[in-house]
Amino acid sequence: MTQTQGATRSRTFSWSDPGLNAAQVGQRSGLELLRAMIAGELAAPPVMHLIDMSRMEAEEGRVVVELEPQEFHYNPLGTVHGGVLSTLLDTAAACAVHTTLPIGVGYTSLDLNVKFLRPVTVRSGTLRCEGTVLQRGRRTALAEARLTDGQSRLVAHATSSCLLLPLERG
């Protein structure tokens, strides 16, 4: 990604074909798939480049993603747009559920309930979003995500329900 900070700012980024990763869904467990992305064996999904998520870690039932707030995340009020924060929360919560899924099982988000607790700006420091699975059954899972700023202050919280579904291989 390239970025300029002159009077007129610009940003350019690239991504890999998302179909390559999609072909792996159902062929590996959720945790194996995420770890392959983290290790660089599979490309990061385009949305990570779009909003410039910088780091991810994953273990069973838990995912952490990070983001440095940038001007291009801003809304007209001069703070990071709630949609960007919601994307981080959704990513962490849903990917935490993904880490618990065996080969052949997928998921889709049913809902995302977000509470914004304080404004975020470039001065907030690195945002860290930790998602954890609260409960996983045969058909649904419930996860939460906590978003903290560079001073470890809670800036937003979310819960998410996911529908678990069998995937066809090949």
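Going by the structure above, here's the rest.
This write-up is about the structure you can find in this document. (Residues numbered from 1 in each chain as written. Predicted model: local features only at pLDDT ≥ 70, side-chain atom pairs only at ≥ 80, totals over all residues. Heavy atoms only, no water.)

For the chain, the helix and strand inventory stands at 4 helices and 8 strands. Secondary structure elements of the chain, listed N to C terminal, follow the sequence β-β-α-α-α-β-β-α-β-β-β-β. Counting only C-alpha atoms, the chain reaches 50 × 35 × 25 Å along its principal axes. Per-residue burial for the chain yields a buried fraction of 38% across its 170 residues. Surface summary for the chain: the accessible area is close to 9100 Å², and the carbon and sulfur share equals 51%. Charge-centre separation for the chain: the mean point of 16 positive side chains lies 4 Å from the mean point of 16 negative side chains. (Helix = DSSP H or I, 4+ residues; strand = E, 2+ residues; numbered from the N terminus. Buried < 20%, exposed > 50% of the residue type's maximum accessible area, 1.4 Å probe, protein only. Areas by Shrake-Rupley, 256 points an atom, 1.4 Å probe, with all protein chains shown as cover. Lys, Arg positive; Asp, Glu negative; His and termini not counted. Charge placed at Lys NZ, Arg CZ, Asp CG, Glu CD.)

As a further point, take helix 2 (residues 30-39). Note on helix geometry: an α-helix contains 3.6 residues per turn, so any two residues three or four positions apart are oriented the same way. Every buried residue belonging to helix 2 is among Gly-30, Leu-31, Leu-33, Leu-34, Ala-36 and Met-37, and all of these are buried. Looking at the buried residues of helix 2, the elements they touch are helix 1 (18-22), strand 3 (53-59), strand 4 (62-67) and helix 4 (82-98). Looking at the residues trailing helix 2, positive phi occurs at Gly-40, about 85°. (Contact = heavy atoms within 4.5 Å.)

Here we come to the sheet that holds strand 5 (residues 105-116). The sheet built from 6 strands is open, its strands ordered 3-4-6-7-8-5 with antiparallel pairing. Lying at the two open borders of the sheet, with one neighbouring strand each, are strand 3 and strand 5. Neighbour-to-neighbour, the strand axes of the sheet open up by a mean angle of 20°, direction not taken into account. Relative to strand 8 (residues 154-166), strand 7 (residues 140-148) runs antiparallel, the two being bridged by 9 bridges. By the bridge assignment for strand 8, Ala-143 is matched with Ser-160. Contacts from helix 2 reach strand 3 and strand 4 within the one sheet, and its direction differs from that of strand 3 by about 145°. (Pairing = 2+ DSSP bridges. Axes fitted to C-alpha atoms, helices over the stretch in contact; angles between N-to-C directions.)

This model, assessed by the stated rule, comprises 1 aromatic pair. On the numbers, 5.6 Å between centres and 40° between planes, the contact of Phe-13 with Trp-15 is tilted. You can call Phe-13 partly exposed: its relative accessible area is 24%. Over the face of the ring belonging to Phe-72 we find Arg-11, whose NZ or CZ atom lies 3.7 Å from the ring centre. (Phe/Tyr/Trp six-rings, centres within 6.5 Å; stacked < 30°, edge-to-face > 60°. Lys NZ or Arg CZ within 6 Å of the ring centre and 35° of its normal.)

Right, let's talk about the side chain of Ser-160 for a bit. Summarising the element assignment, Ser-160 is placed in strand 8. Overall, the relative accessible area of 0% leaves Ser-160 in the buried class. Within the local environment of Ser-160, its side chain forms a polar contact with the backbone oxygen of Asp-111, the two atoms lying 3.0 Å apart. Filtering out sequence-adjacent residues up to four positions away, Ser-160 remains in contact with Ala-93, Ser-109, Asp-111, Leu-112, Ala-141, Leu-142 and Ala-143. (Polar contact = N/O pair within 3.5 Å; in protein donor to acceptor, adjacent residues only side chain to side chain.)

This part covers the layout of surface pockets. One number sums up the size of the largest pocket: a volume of about 590 Å³. Along its surface, the largest pocket is lined by 28 residues, and Asn-21, Leu-34, Met-37, Pro-45 and Cys-95 are the ones closest to its centre. Counting only elements with at least two residues in the lining of the largest pocket, the list comes to helix 1, helix 2, helix 3 (46-51), strand 3, helix 4 and strand 5. By residue number, the principal contributor to the lining of the largest pocket is helix 4, which donates 5 residues. (1 Å grid on protein atoms, 1.4 Å probe; cavity = no way out; pocket = protein on both sides within 12 Å on 5 of 7 lines; lining within 4 Å. Points joined across faces, edges and corners; volume = space filled by probe spheres on them.)

Ranked by size, the top nonpolar core spans 32 residues in total, and within it Val-65, Leu-88, Cys-129 and Leu-147 carry the most contacts. Going through the elements one at a time, helix 2, helix 3, strand 3, strand 4, helix 4, strand 6 (127-136), strand 7 and strand 8 are the ones with two or more residues in this core. Among all residues touching Leu-88, those that are not within four sequence positions of it are Ile-51, Met-53, Val-65, Leu-67, Leu-127, Cys-129 and Leu-147. (Core = buried A, V, L, I, M, F, W, Y, C linked by side-chain atoms within 4.5 Å.)

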